Amino acid sequence: MKTYPQFGEVLARNMLRTCGLVPDVERAEHYRELGTLLIDLGRLYLAEADALTTVEAPRQP
């Protein structure tokens, strides 16, 4: 399975930006960015799942 380590750092950074005392408009922008990243990550994992289900298992003699 492929891994996407860059997503962990980006997601953590964006999650931290949604906390704290920031104006609502700014927090909403960070929520949108975070939501987009989560959707992208979900698409990557769904594509990986599709790839794994199309791989044939080795034949046993």
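Source: prediction; values computed, not measured.

Enquirer: Can you walk me through the overall build of the protein in this structure?
Expert: Tallying secondary structure elements over the protein gives 2 helices and 0 strands in all. Expressed as a percentage of its 61 residues, the buried residues of the protein come to 16%. Accessible surface, the protein: about 5200 Å² in total, of which carbon and sulfur atoms supply 62%.

Enquirer: Which parts of the structure should I look at to understand the environment of Thr 54?
Expert: Considering the arrangement of structural elements, one finds Thr 54 in helix α2 (residues 24-54). Within the structure, the side chain of Thr 54 is placed 2.9 Å from the backbone oxygen of Ala 51, a separation counted as a polar contact.

Enquirer: Explain the packing of helix α1 (residues 5-17) against α2 to me, please; I cannot follow it from the model alone.
Expert: Working note: a packed helix pair is described by the angle between its axes plus the distance between those axes. Where α1 meets α2, the closest approach of the two axes is 9 Å, and the angle between their N-to-C directions is 155°. Overall, the two elements α1 and α2 adopt an arrangement that is roughly antiparallel. Note that α1 runs across α2; the crossing there is left-handed. For the pair α1 and α2, contact is made by Phe 7, Val 10, Leu 11, Asn 14, Met 15 and Arg 17 and by His 30, Glu 33, Leu 34, Leu 37, Leu 38, Asp 40, Leu 41 and Leu 44, respectively.

Enquirer: Please explain the pattern of salt bridges as it appears in this structure.
Expert: A pair can form between side chains of opposite charge whenever their charged atoms are brought close. Overall, the coordinates contain 2 salt bridges when judged by the stated rule. Note that Arg 27 and Asp 24 form a salt bridge whose closest N and O atoms lie 3.0 Å from each other. Here the residue Arg 27 and the residue Asp 24 both occupy positions in helix α2, the gap between them amounting to 3 residues, near one helical turn. By relative accessible area, Asp 24 is classed as exposed at 59%. Across the pair Asp 40 and Arg 43 runs a salt bridge, and its minimum N-O distance is 3.9 Å. On the criterion of helical spacing, the pair formed by Asp 40 and Arg 43 is a turn pair, its members being 3 residues apart in helix α2. A relative accessible area of 56% places Arg 43 in the exposed class.

Enquirer: Got a minute to help me understand the nonpolar core in this structure?
Expert: When a protein is soluble and globular, its nonpolar side chains tend to lie buried together. Listed in full, the 5 residues of the largest apolar core are Phe 7, Leu 11, Leu 34, Leu 37 and Leu 41. Among the secondary structure elements, those contributing two or more residues to this core are α1 and α2. Per-element accounting of this core gives the leading share, 3 residues, to α2. Not counting chain neighbours up to four residues away, the residues in contact with Phe 7 comprise Leu 37, Asp 40, Leu 41 and Leu 44.

About the thresholds
Residues numbered from 1 in each chain as written. Predicted model: local features only at pLDDT ≥ 70, side-chain atom pairs only at ≥ 80, totals over all residues. Heavy atoms only, no water. Helix = DSSP H or I, 4+ residues; strand = E, 2+ residues; numbered from the N terminus. Buried < 20%, exposed > 50% of the residue type's maximum accessible area, 1.4 Å probe, protein only. Areas by Shrake-Rupley, 256 points an atom, 1.4 Å probe, with all protein chains shown as cover. Polar contact = N/O pair within 3.5 Å; in protein donor to acceptor, adjacent residues only side chain to side chain. Axes fitted to C-alpha atoms, helices over the stretch in contact; angles between N-to-C directions. Parallel < 35°, antiparallel > 145°, perpendicular 65-115°, else oblique. Left-handed = near helix turned anticlockwise from the far one by under 90°. Contact = heavy atoms within 4.5 Å. Salt bridge = Lys/Arg side-chain N within 4 Å of Asp/Glu carboxyl O. Core = buried A, V, L, I, M, F, W, Y, C linked by side-chain atoms within 4.5 Å.

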